[in-house]
Amino acid sequence: MSTATPTGDSARPSPPPYRGRFAPSPSGPLHFGSLVAAVGSYLDARAHGGQWLLRIEDVDQPRTVAGAADEILRTLEGFGFAWDGEVLVQSRRLDLYHAALVRLQLADEVYPCACSRAEIAAHSPRRSIDGGLVYPGTCREGLAGGRAARAWRLRVPDQVIAFDDRIQGDVQQNLEAAVGDFILLRADGQYAYQLAVVVDDAAQGITAVVRGVDLLDSTPRQIWLQQGLALSTPTYAHLPVVTNDAGEKLSKQTHAAAVDLSAGSAVLAAALRFLGHAVPQEISAGPLRDFWPWAIAAWSIARVPARRGVCPG
Ligand code: GLU
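Note that the structure is a prediction, hence the values are computed from the model and not measured. (Residues numbered from 1 in each chain as written. Predicted model: local features only at pLDDT ≥ 70, side-chain atom pairs only at ≥ 80, totals over all residues. Heavy atoms only, no water.)

1. Describing the sheet that holds strand 4 (residues 110-113)
An order of 4-5-8 is seen for the three strands of this open sheet, with the pairing classed as antiparallel. A strand with exactly one partner marks an edge of an open sheet, and here the two such strands are strand 4 and strand 8 (182-185). Put simply, the sheet's adjacent strands are angled 45 degrees from each other on average, direction ignored. Pairing of strand 4 with strand 5 (residues 151-154) involves four bridges; the strand directions are antiparallel. Residue pairing across strands places Tyr-111 opposite Arg-153, the latter belonging to strand 5. (Pairing = 2+ DSSP bridges. Helix = DSSP H or I, 4+ residues; strand = E, 2+ residues; numbered from the N terminus. Axes fitted to C-alpha atoms, helices over the stretch in contact; angles between N-to-C directions.)

Below, the structure written as structure tokens:
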């Protein structure tokens, strides 16, 4: 009699249940661009029968506006979004980011860096993929005598990180060429978004990230960091972002207006149209309670345009 473990479908581990999230930064009220990310991530989660979690990304304290987080939550609730579990707030989780950094320090994956912005600029004429400067590796082998650590950087390999984005397709990036060793703890004592987002996506058990395409270029950094911390990598889908007539992403910096809650289904329908879905008039003019079941049934990520920026006109 064979004692071998059974093979075939019955022995295959089932994939983890879908857990998505929306992670706004409270640097101002919810504007149409963030509403699009909320709608896309919510519908994708609910269409998969999955959970949808919320996280307030206020790790960057200088950019946080008092009262904005509560206002965002009130707006989401007013539009009828229903989230699962507790809302995670990054500013209350600094101990966890510290623990992750210590883990990387013990593994010698990170190093202290003494360079100021001006010193980096003096060394490196190369522009990084996100408009900054590629770090030239000055402090990689240790601080020069008399220099004090300002920040902590993660070593990156001269290697292509690739992933298959559910909307944008195959994405490849050589981290050394695109950004260089990047910062996890800033000179001003703030943990970097890249570290916080990776720790929190893992802590919330996120299996599917759906967010704006402005973060596409950050994803290889996050995948590399997940590998360094032995965390699993979720799937990624990057939605087009809303731009103004000048082609700039809607944000507080470009003075994007807060979404108008009283517009109800009409503004949710506009977000869904932006994501490539035709919405019938009776749904966009109808009550919120009719919008959501219709939208969840209609959602198909294949309809979302694989473009970076779209001006809704
Ligand atoms: N907090 C980021 C933002 O509001 C989103 C980060 C993410 O989804 O990974 O743009």
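Picking up after the structure, the text goes on.
2. Topic: the site of the ligand
Taken together, Arg-21, Ala-23, Pro-24, Ser-25, Glu-57, Tyr-193, Val-197, Arg-211 and Leu-215 make up the full set of residues near the ligand. Within the side chain of Ser-25, one N or O atom sits 2.8 Å away from a nitrogen atom of the ligand. Here an oxygen atom of the ligand sits 2.8 Å away from a polar atom, N or O, in the side chain of Arg-211. Coverage of the ligand by the protein amounts to 80% of the 300 Å² it exposes when considered alone. Of the residues that constitute the shell around the ligand, the class distribution is five nonpolar, one polar and three charged. (Near = heavy atom within 4 Å. Polar contact = N/O pair within 3.5 Å; in protein donor to acceptor, adjacent residues only side chain to side chain. Areas by Shrake-Rupley, 256 points an atom, 1.4 Å probe, with all protein chains shown as cover. Nonpolar A, V, L, I, M, F, W, Y, C, P; charged D, E, K, R; others polar.)

3. A look at the layout of surface pockets
Taken as a whole, the second largest pocket spans an internal volume of roughly 230 Å³. Lining the second largest pocket are 17 residues, with Ile-206, Thr-207, Ala-208, Thr-233 and Pro-234 positioned closest to its centre. With three residues, helix 6 (residues 193-203) is the single largest residue contributor to the lining of the second largest pocket. (1 Å grid on protein atoms, 1.4 Å probe; cavity = no way out; pocket = protein on both sides within 12 Å on 5 of 7 lines; lining within 4 Å. Points joined across faces, edges and corners; volume = space filled by probe spheres on them.)

Shape is all these values report; function is a separate question.
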